[in-house]
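The chain contents come next:
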Amino acid sequence: RNSGIKASRGKYIALLDSDDRWFQDKLKRQVALLEKSEEKVGLIYSSLLVKGENGNIVRKEEANARGQIFLNLLTNHNVIAGGGSTALVKKECFNKVGCFDERLHVAEDWDMWIRIARKYDIDFVDDFLVEVYKHEENISRKAGVRAKNLKEFLNKHEENFKKAEAKSGYSGLLHRIGRLLCHDSRVKYGRRYLWKSFLINSRLIILLEILLTLTGN
């Protein structure tokens, strides 16, 4: 991705992850919307269809966040779904905020959208323009890597979560890290993150999960 961004000479950057598919008019419609948008709009995305390994549609994800969505990205996780495949981005955005953080294999898109949304407005084409293919993976086997990536993401954006008062998003991220660490058999370490999550947003489900770690489940 970063090599392509650095080598590009055009006004816009469109990303397509392996195995994903754009609909035929995806770029045409996004470029048309971006061309008529105000200067402060830096990224256009779309709704998407998620397909399973058998080719059937398993989920539809509809775009619904536009304008100044910085706080939305912190509070409600990555609302620009579909990896990078739904996005059309002004090249100037990357010039201002930098390229993708390649350390964050799990959250590199979320990290980038937060950085762009701090400086630009976001808009979307209200239609399904991308198909994303979901591959089954062993959660336990991947848990350690995912937890490590999300901890790096948290270290990078923790002040954003605190300053923006995005309590639910901050708690939710700690909760995810805690659960992943527990899946990775680092229960004591994972419990600390679950407890931090509960102290920020006292949801009963988190307390129950903490109690389960104490019983060995």
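Per chain, residue numbering runs from 1 following the sequence as it is written. Only residues with pLDDT of at least 70 are given local features in this predicted model, and only at 80 or more are side-chain atom pairs given and counted; all residues enter the totals for whole chains, interfaces and linings. As a rule here, side-chain values cover all heavy atoms of the structure and leave hydrogens and water aside.

### Description of the overall build of the chain
Thinking step 1. Counting its regular elements, the chain contains nine helices and six strands.
Thinking step 2. All radius of gyration figures rest on C-alpha atoms, and the globule criterion is 2.2 Å times the number of residues raised to 0.38. Scaling as 2.2 N^0.38, a compact globule of 217 residues should have a C-alpha radius of gyration of about 17 Å, and the chain matches this with 18 Å.
Thinking step 3. Referenced to the eigenvectors of the C-alpha coordinate spread, the extents of the chain come out at roughly 55 × 45 × 30 Å.
Thinking step 4. Per-residue accessibility, obtained with a 1.4 Å probe over protein chains only, is compared with the maximum for each type, and a residue is labelled buried under 20%, exposed over 50%, and partly exposed between these values. Taken across its 217 residues, the chain has 47% of its residues classed as buried.
Thinking step 5. Sequence-distant contacts in the chain: of pairs separated by 6 or more residues, those separated by 24 or more amount to 70%. Secondary structure elements follow DSSP: runs of H or I of four or more residues count as helices, runs of E of two or more count as strands, with numbering from the N terminus. We call two residues in contact when some of their heavy atoms are within 4.5 Å.

### Some words on the packing of aromatic side chains
Thinking step 1. Two rings from Phe, Tyr or Trp (for Trp, the six-membered ring) form a pair when their centres sit within 6.5 Å of each other. Planes less than 30 degrees apart are called stacked, planes more than 60 degrees apart edge-to-face, and all others tilted. Tallied over the entire structure, the rule returns nine aromatic pairs.
Thinking step 2. Consider the rings of Trp-110 and Phe-161, whose centres lie 6.5 Å apart with planes at 85°: the pair is edge-to-face. In this pair, Trp-110 is assigned in helix α5 (residues 108-117) and Phe-161 in helix α6 (residues 139-163), connecting sequence segments 51 residues apart. For the pair Trp-110 and Phe-161, a shared accessibility class is recorded, and that class is buried.
Thinking step 3. Should the NZ of a Lys or the CZ of an Arg lie within 6 Å of a ring centre and within 35 degrees of the ring normal, that charge is described as sitting over the ring. Taking the ring centre of Phe-128 as reference, the NZ or CZ of Lys-60 above it sits at 5.8 Å.

### A word on the pairing of strand β6 (residues 121-133)
Thinking step 1. Here a strand pair is declared whenever DSSP counts at least two bridges between the two strands. Sheet topology places strand β2 (residues 21-22) next to β6; two bridges connect them, and they run antiparallel. Bridge assignment links Trp-22 to a residue of β6, and that residue is Val-130.
Thinking step 2. Bridging between strand β3 (residues 41-51) and β6 involves 10 bridges; their strand directions are parallel. Counterpart to Ser-47 in the pairing with β6 is Phe-128.

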